[in-house]
Amino acid sequence: MTEPFDAVDVIRTKRDGAALSPAQISWVLDAYTRGAVAEEQMSALAMAIFLRGMDREETAGWTRAMIDSGERMDFSGLVRSGARSATADKHSTGGVGDKTTLPLAPLVALHGVAVPQLSGRGLGHTGGTLDKLESIPGWRAELSTEEMMAQLRDVGAVICAAGAGLAPADRRLYALRDVTGTVESIPLIASSIMSKKIAEGTRSLVLDVKVGSGAFMKDLASARELARTMVDLGTGAGVRTTALLTDMSTPLGLAVGNAVEVQESVEVLAGGGPADLVELTVALAQEMLAASGIRDADPAQDLRDGRAMDVWRAMVTAQGGDPDAPLPRARESETVLAEADGVLTGLDAYRVGLASWRLGAGRARRGDPVQAGAGVLLHAKPGDAVLAGRPLLTLLTDEPARFARAREALEGAVVIGPGPAPVHPVVLETVR
Ligand code: URA
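Residues numbered from 1 in each chain as written. Predicted model: local features only at pLDDT ≥ 70, side-chain atom pairs only at ≥ 80, totals over all residues. Heavy atoms only, no water.

## A short note on the overall build of the chain
Helix and strand counts for the chain stand at 16 helices and 15 strands. Against the compact-globule benchmark of 22 Å for 432 residues, the chain has a radius of gyration of 22 Å, which places it among compact chains. Reported as C-alpha extents along the three principal axes, the dimensions of the chain are approximately 70 × 55 × 35 Å. In the chain, which comprises 432 residues, the share counted as buried stands at 54%. Within the chain, residue pairs in contact and separated by at least 24 positions form 79% of the contacts whose partners lie at least 6 positions apart. Within the chain, one finds 44 positive and 55 negative side-chain charges whose respective centroids are separated by 2 Å. (Helix = DSSP H or I, 4+ residues; strand = E, 2+ residues; numbered from the N terminus. Rg over C-alpha atoms; globule rule 2.2 N^0.38 Å. Buried < 20%, exposed > 50% of the residue type's maximum accessible area, 1.4 Å probe, protein only. Contact = heavy atoms within 4.5 Å. Lys, Arg positive; Asp, Glu negative; His and termini not counted. Charge placed at Lys NZ, Arg CZ, Asp CG, Glu CD.)

Following this line, the structure appears as structure tokens:
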């Protein structure tokens, strides 16, 4: 096959700071998917994009080309209780202790909105929704499209793995970016996330863009830019899209890991759970429901009444899980004690995430196993008074040899002072 472009010319164009044409973009991603552009050429192009950026038009073209590399799902024919069902999805850019998808999907489905949550596994210090759910005995992440549709119709919510056919160019490119230092680029992150979400075919989407040490975006200005780029990409493709910028300077909730995060999510569904996790779950539910035209719901009251628990149980059961089975527990634990009296003024999300990862809750390479019981439990949050010698954190793992490296990760993570602690609202801003 004669190729219309030469990969080296495309790389040079971006290397020298010019914009790529729509034809160059669609060719290079198609050729990469076919194997006609080599990994080293795509690495060079990704680095050129990382350094030079892409404008709005290029980013939209890049997103379209990644969508076109695979199949598109279609929920427009989904009928529940005799009526066509609205679909709403939520995507988080990734954080530490971020388990909101688990209580959120049943909470929104309770109001008749279908929630197809195609989720991923963890890589690096941020956890993956599927890894968490797989700690439930028997639960299965891989569903066929038919199984997914049937569950959406019968239960209203499904959290499962994205099929390999959805934006395959992104799948390859993301793995390549991961090993070439080219992940933290706004146009590449925005197009990666939005290509999958648009291909998934949801009618509305709420983005949870995390800001702080435990997130890709460390400061508000870059989080705002990422959110704006993604909202524009979604809206341009006909998906009603909003974004909440939310705090990730400290972990969300009190549990970081896999089974411990499922446990905490069930507490939220039962009407309890930590205040910050409840607040974010409710804020995201309100956005998802409003995007589906439902403005009179009270998700905070639904949680207090435990009304979404039946949907959760049905969702877990439909995927082979036993909602009543005891969750796995780590074989070993160690406690980190407070070193002084005072106020906890900082508990760094990134360092806690790294510790949880080193304890075995996360993986270093794709395909590595994770420990269901590993993780970190927090006994205090920023703003709380602490006493010297009292437990601050509990470290959990099946392999005690991992404690030393986890403790190293936590060096500098805990700040105790005279107080008061800086105030970080859970939801910082909304981008529409
Ligand atoms: N999540 C994605 O799916 N892609 C990125 O580039 C970053 C986070």
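## Digging into the nonpolar core
V108, W312, V376, L393, L395 and L410 are the most contacted members of the largest nonpolar core, which totals 68 residues. Of the residues forming this core, the biggest block, 8 residues, is contributed by helix α12 (residues 275-291). Both domain 2 (79-318) and domain 3 (332-417) contribute no fewer than three residues apiece to this core. Beyond its immediate stretch of four places on either side in the chain, V108 contacts V113, V115, A285, M288 and L289. Counting residues in hydrophobic clusters, the runner-up holds 34 residues, among them I67, A227, V239 and V431. (Core = buried A, V, L, I, M, F, W, Y, C linked by side-chain atoms within 4.5 Å. Domains from an automatic or database assignment.)

## Topic: the pairing of strand β4 (residues 115-119)
The element β4 is extensively covered by neighbouring structure, given that 5 of its 5 residues are classed as buried. Note that β4 and strand β5 (residues 157-161) share 5 bridges and pair parallel. Bridge pairing in β5 places V115 opposite A157. (Pairing = 2+ DSSP bridges.)

## Focus: the domain arrangement of the chain
Along its sequence, the chain is carved into domain 1 (7-53), domain 2 (79-318) and domain 3 (332-417). Relative placement of domain 1 and domain 2: their C-alpha centres are 31 Å apart. A combined buried area of about 1100 Å² lies between domain 1 and domain 2, and 70% of that area is made up of carbon and sulfur atoms. Sorting the residues of domain 1 by area buried against domain 2 places Y32, T33 and F50 first, and these three jointly supply 44% of that buried surface. Counting every contact that joins domain 1 to domain 2 gives 1 salt bridge. (Buried area = accessible area lost by both parts, 1.4 Å probe. Salt bridge = Lys/Arg side-chain N within 4 Å of Asp/Glu carboxyl O.)

## Re the side chain of T242
Mapped onto the elements, T242 comes out in strand β7 (residues 240-247). Of note is the side chain of T242, whose polar atom sits 3.3 Å from the side chain of E287. Ignoring any residue separated from it by four or fewer positions in sequence, one finds T242 in contact with L205, V206, L207, V231, E287, V431 and R432. (Polar contact = N/O pair within 3.5 Å; in protein donor to acceptor, adjacent residues only side chain to side chain.)

## Quick notes on the site of the ligand
Taken together, the residues surrounding the ligand are Y174, R177, I189, S192, I193, K196 and F216. R177 has a polar side-chain atom sitting 2.9 Å from an oxygen atom of the ligand. Here a nitrogen atom of the ligand sits 2.6 Å away from a polar atom, N or O, in the side chain of S192. Contributions of two or more residues to the shell around the ligand are made by α8 (168-178) and α9 (186-200). At 4 residues, the largest contribution of residues to the shell around the ligand is made by α9. The residue inventory of the shell around the ligand, partitioned by class, reads 4 nonpolar, 1 polar and 2 charged. (Near = heavy atom within 4 Å. Nonpolar A, V, L, I, M, F, W, Y, C, P; charged D, E, K, R; others polar.)

## Quick look at a nonpolar patch on the surface
A cluster of nonpolar residues, M47, F50 and L51, forms a patch on the protein surface that exposes about 270 Å² of accessible area. Inspection of the secondary structure puts M47 in helix α3 (residues 39-52). Here M47 falls in the partly exposed class, since its relative accessible area comes to 31%. (Patch = residues over 30% accessible without salt bridge, like charges linked within 9 Å, V, L, I, M, F, W, Y side chains within 5 Å. Areas by Shrake-Rupley, 256 points an atom, 1.4 Å probe, with all protein chains shown as cover.)

## With respect to the packing of helix α2 (residues 22-34) against α8
Packing of α2 against α8 brings their axes to within 9 Å, and their N-to-C directions diverge by 85 degrees. Classified by the angle between their axes, α2 and α8 sit roughly perpendicular to one another. Residues L29, Y32 and T33 of α2 form the contact with α8, whose participating residues are A169, R172, L173 and L176. Partitioned by chemical class, the residues of the contact of α2 with α8 number 5 nonpolar, 1 polar and 1 charged. (Axes fitted to C-alpha atoms, helices over the stretch in contact; angles between N-to-C directions. Parallel < 35°, antiparallel > 145°, perpendicular 65-115°, else oblique.)

## A word on the sheet that holds strand β10 (residues 342-347)
Across the sheet, 3 strands lie side by side as β12-β10-β14; this open sheet has antiparallel pairing. Edge positions in the sheet fall to β12 (385-386) and β14 (414-417), since each of these pairs with one other strand and no more. Here 4 bridges tie β10 to β14, and the two strands are oriented antiparallel to one another. Counterpart to L344 in the pairing with β14 is I416.

## Some details on the sheet that holds strand β3 (residues 88-92)
Reading across from one edge, β3-β6-β7-β15 is the order of the 4 strands in this open sheet, with mixed pairing throughout. Two strands lie at the open edges of the sheet, namely β3 and β15 (427-431), each paired on one side alone. Recorded for the sheet is a direction-independent mean angle of 20 degrees between the axes of neighbouring strands. By the bridge criterion, 8 bridges tie strand β6 (residues 204-211) to β7 in an arrangement that is parallel. Looking across to β7, one finds that L207 is bridged to A243.

## Regarding the packing of aromatic side chains
By the definition in use, this model includes 1 aromatic pair. Judged by centre distance (5.9 Å) and plane angle (50 degrees), the ring pair of F5 and W27 falls under tilted. Taken together, the positions of F5 in the segment before α1 (7-15) and W27 in helix α2 put the pair 22 residues apart, joining distant regions of the chain. When its relative accessible area of 28% is taken as the criterion, F5 is described as partly exposed. One residue, R172, lies across the ring of Y32, its end atom 4.3 Å from the ring centre. Positioned above the aromatic ring of Y174, the side-chain terminus of K196 is 5.6 Å from the ring centre. (Phe/Tyr/Trp six-rings, centres within 6.5 Å; stacked < 30°, edge-to-face > 60°. Lys NZ or Arg CZ within 6 Å of the ring centre and 35° of its normal.)

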